[in-house]
Amino acid sequence: MGKRALITGITGQDGSFLAELLIDKGYEVHGVMRRSSTFTTERIEHLYRDIHEPDARLKLHYGDLTDASSLRRVITLAQPDEVYNLAAQSHVRTSFDQPIYTAETVAIGALNLLEAIRDYRDSTGREIRIYQASSSEMYGNARECPQSESTPFSPRSPYACAKVHAFWQTINYRDAYGLFACNGVLFNHESPRRGETFVSRKITRAATRIKLGLQKTLYLGNLDAKRDWGYAGDYVEAMWLMLQQHDPDDYVVATGQCHSVRDFLNETFAYLDLDWQDHIEVDPRYFRPTEVHELRGDASKARNLLGWKPRLRFRGLVRMMVDHDAKMAEQEKTLVDAGLATTQMSHEWH
Ligand code: NDP
Ligand code: GDR
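For clarity, every value in this text was computed on a predicted model and none was experimentally measured.

Parameters at a glance
Residues numbered from 1 in each chain as written. Chains lettered and ligands numbered in written order. Predicted model: local features only at pLDDT ≥ 70, side-chain atom pairs only at ≥ 80, totals over all residues. Heavy atoms only, no water. Near = heavy atom within 4 Å. Polar contact = N/O pair within 3.5 Å; in protein donor to acceptor, adjacent residues only side chain to side chain. Areas by Shrake-Rupley, 256 points an atom, 1.4 Å probe, with all protein chains shown as cover. Helix = DSSP H or I, 4+ residues; strand = E, 2+ residues; numbered from the N terminus. Nonpolar A, V, L, I, M, F, W, Y, C, P; charged D, E, K, R; others polar. Domains from an automatic or database assignment. Salt bridge = Lys/Arg side-chain N within 4 Å of Asp/Glu carboxyl O. Buried < 20%, exposed > 50% of the residue type's maximum accessible area, 1.4 Å probe, protein only. Disulfide = S-S within 2.5 Å. Expected span 1.5 Å × (residues − 1). Bend = angle between axes of the 7 residues up to and from the residue. Contact = heavy atoms within 4.5 Å. Buried area = accessible area lost by both parts, 1.4 Å probe.

A word on the site of ligand 1
Working step 1: By nearness alone, 25 residues border ligand 1, and T11, R34, D64, S90 and Y159 come closest of all.
Working step 2: For ligand 1, a nitrogen atom lies 3.3 Å from a polar atom in the side chain of Y101.
Working step 3: Interatomic distance of 3.1 Å between a side-chain N/O atom of R194 and a nitrogen atom of ligand 1.
Working step 4: Protein contacts shield 90% of the accessible area of ligand 1, which totals 910 Å² for the unbound molecule.
Working step 5: Among the elements that line the shell around ligand 1, the one with the most residues is strand 5 (residues 129-135), at three residues.
Working step 6: Taken together, the residues of the shell around ligand 1 break down into nine nonpolar, 11 polar and five charged.

Following this line, the structure appears as C-alpha cells:
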C-alpha cells in the first residue's frame, strides 16, 4: 500500500504543488481546508476526483490550525505517514495588521499540530514524520549574507516572530519526544499560482493588464528590497526529500541569487515591451513598519545532503508568470469588451 500524507494549507500555492508531487509519487493525499463562504479550492481542482471514484487519491477535510480538536480528528481519520504543515497567515505586511491572529495560526497552530502528532504516536505507536514550513523572514536584517542554517535569526515582523516560535517548537519536539520533525527554511518562491498580493504576482498581473489597457498604474511599496526568488514547483521537492532522509534535520532552500523589486519590474515590463517607470507609483501604505532589506540563501546543505537544486532561475520564473497572466488578461479583456465584466479590482488591498 502507498504512503498517506496530510497537508495543511493544501489550498495555498505550495499545498497545491506538493499535492501534485505526492499524488504523482503514488501517495494518498489528505488536505486540511478551512470552511469559507466561497470556494478556495481553485488551485487543486485539477487534482480532485469524486471521492466515490476508485482512483480518487485526494481527500479533503474541514479543519483549522487554531482548532486543535479538528487537527486531532483529521489525523485520526487520515492516519498519515507524513504531515506537511504549510498552513499560515503568510502575508508579512498583513501580520502587522493582524499580529495576534497571525501568531495564533503560525505559532500556536504549529504547536497544536505537534501536540496532536505526539499524542497520536503515543496512543497508537505509529510514527508520523512532520515538515514545518519555516521561512527566510526569520533572518530579518541578518548581518550575514548569504544566510545559512547557522545564521542567527533576527525577526522583523509579527509573522517572522511567529515562524521563529514554530521553528524552535519543531526542534524541541524532535529533541524532547523523538519526533521525526524537520524545518525547511525556504526563501521566497513564486509561480503562476502565487497569491496576488505578493509583490511578484502583483507585478505580473498588473503589467499584463496594463499591456492590454485594463489598468494604467500599479502602486507598490519599497522598490529597493531584495529577495532570493525561486520557483515553488522546485521547492516542494525539497520538502518531500527532507522527510525521506534517515534522520530529521533542518535545511535552507534557496537559489543563492537575489534581485530587487526594481529588477523584477524591469524583467517583467521589458518582456512585455513596456517601460515600468511609466506605470509605477510608490504608495507608502505598502511600506512595512520594519522592513527586511536583503535576503539571499545558501542552500549548500540541501544540495549536498538532499541532492536538491533549483531548476528554474529568475528570468525563466518571471517569464512563466507573465505568460500565464497574459492569458488571464486576454480572457478578462474579452469579457470586458463584451460588456460582461468591469475592470475594477480591489487593488487597494494588494
Ligand atoms: P499561501 O498563503 O498561498 O497558503 C496558505 C494556506 O494556509 C492556505 O491554504 C490557507 O487557506 C491556509 N490557512 C491559513 N490560515 C489557516 C488556518 N488558520 N487553518 C488552516 N489553514 C489555514 O502560502 P504559501 O503556499 O505561499 O506558503 C506555504 C507555507 O510556507 C506558509 O506557511 C508560508 O508561511 C510558508 N513560506 C512560504 C514561502 C513562500 O515564498 N511562498 C517562503 C517561506 C515560507 P485558505 O486558502 O483558506 O486561505
Ligand atoms: P515577503 O514577500 O514579505 O518576502 O514574504 P512579498 O512578496 O510580500 O514582499 C517582498 C518584498 O517586496 C516589497 N514590496 C511589496 N510587497 C508587497 N506584498 N506588495 C507591494 O506592493 C510591495 N512593494 C514592495 C516588500 O516590502 C518586501 O520587501 C513572502 C511570503 O511568502 C512569506 O510567507 C514567506 O515566509 C517569505 O516570502 C519568505
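What follows picks up the thread again.
Regarding the site of ligand 2
Working step 1: Taken together, 23 residues sit near ligand 2, with S90, S135, Y159, R288 and E291 positioned nearest.
Working step 2: In the model, an oxygen atom of ligand 2 is placed 2.9 Å from a nitrogen or oxygen of the R227 side chain.
Working step 3: In isolation ligand 2 exposes 700 Å². Once the protein is present, 96% of that is buried.
Working step 4: Counting contributing residues per domain, the shell around ligand 2 is built from domain 1 (4-192 + 229-253) and domain 2 (199-225 + 257-293 + 314-349), each supplying no fewer than three.

Section: the pattern of salt bridges
Working step 1: One pass over the structure, following the stated rule, counts 22 salt bridges.
Working step 2: Linking E20 and R193 is a salt bridge whose minimum nitrogen-to-oxygen distance equals 2.8 Å. Taken together, the residues E20 in helix 1 (residues 13-24) and R193 in the loop between strand 7 (189-190) and helix 6 (199-211) connect sequence positions 173 residues apart.
Working step 3: Here E20 falls in the partly exposed class, since its relative accessible area comes to 21%.
Working step 4: Between R262 and D224 there is a salt bridge, and its shortest N-O distance comes to 2.9 Å. You can see R262 sitting in helix 8 (residues 261-271) and its partner D224 sitting in the loop between strand 8 (218-220) and strand 9 (226-227), a full 38 residues away along the chain.
Working step 5: A relative accessible area of 49% places D224 in the partly exposed class.
Working step 6: Beyond isolated ion pairs, a larger network of salt bridges with shared partners links E137, R227 and E291.

Digging into the environment of Y159
Working step 1: Assignment of secondary structure puts Y159 in helix 5 (residues 158-177).
Working step 2: When the C-alpha atoms of Y159 and R311 are compared, they prove to be 28 Å apart, with 152 residues separating the residues in sequence.

As for the state of the cysteines
Working step 1: Following the criterion strictly, the structure yields zero disulfides and no others.
Working step 2: Cysteine C145 shares no disulfide, and the gap to the nearest cysteine sulfur, in C258, comes to 5.9 Å.
Working step 3: Given the relative accessible area of 36%, C145 is considered partly exposed.

Things to note about helix 4 (residues 99-124)
An α-helical segment advances 3.6 residues per turn. Residues three or four places apart therefore align on the same side.
Working step 1: The end-to-end C-alpha separation of helix 4 is 36 Å, in line with the 38 Å expected for 26 residues at 1.5 Å each.
Working step 2: The largest bend along helix 4 measures about 35 degrees and falls at I108.
Working step 3: Two residues or fewer past helix 4, G125 is found with a positive phi of approximately 80 degrees.

Brief notes about the domain arrangement of the protein chain
Working step 1: Looking at the assigned domains, one finds that the protein chain contains domain 1 (4-192 + 229-253) and domain 2 (199-225 + 257-293 + 314-349).
Working step 2: Measuring from the centre of the C-alpha atoms in domain 1 to the corresponding centre in domain 2 gives 28 Å.
Working step 3: The interface is formed by 14 residues belonging to domain 1 together with 22 residues belonging to domain 2.
Working step 4: Between domain 1 and domain 2 lies a buried interface of about 1600 Å² when both sides are counted; carbon and sulfur atoms form 63% of it.
Working step 5: Where domain 1 packs against domain 2, one counts zero salt bridges.
Working step 6: If you look at where domain 1 meets domain 2, you find eight residue pairs in polar contact (both at pLDDT 80 or more).

Re unusual backbone geometry
Working step 1: The peptide bond linking C145 to P146 adopts the cis configuration, its omega dihedral lying at 5 degrees.
Working step 2: Locating P146 in the fold gives a position in the loop between strand 5 and helix 5.
Working step 3: Phi at Q79 takes a positive value of approximately 45 degrees, unusual for a residue other than glycine.
Working step 4: For Q79, a relative accessible area of 34% translates into the label partly exposed.

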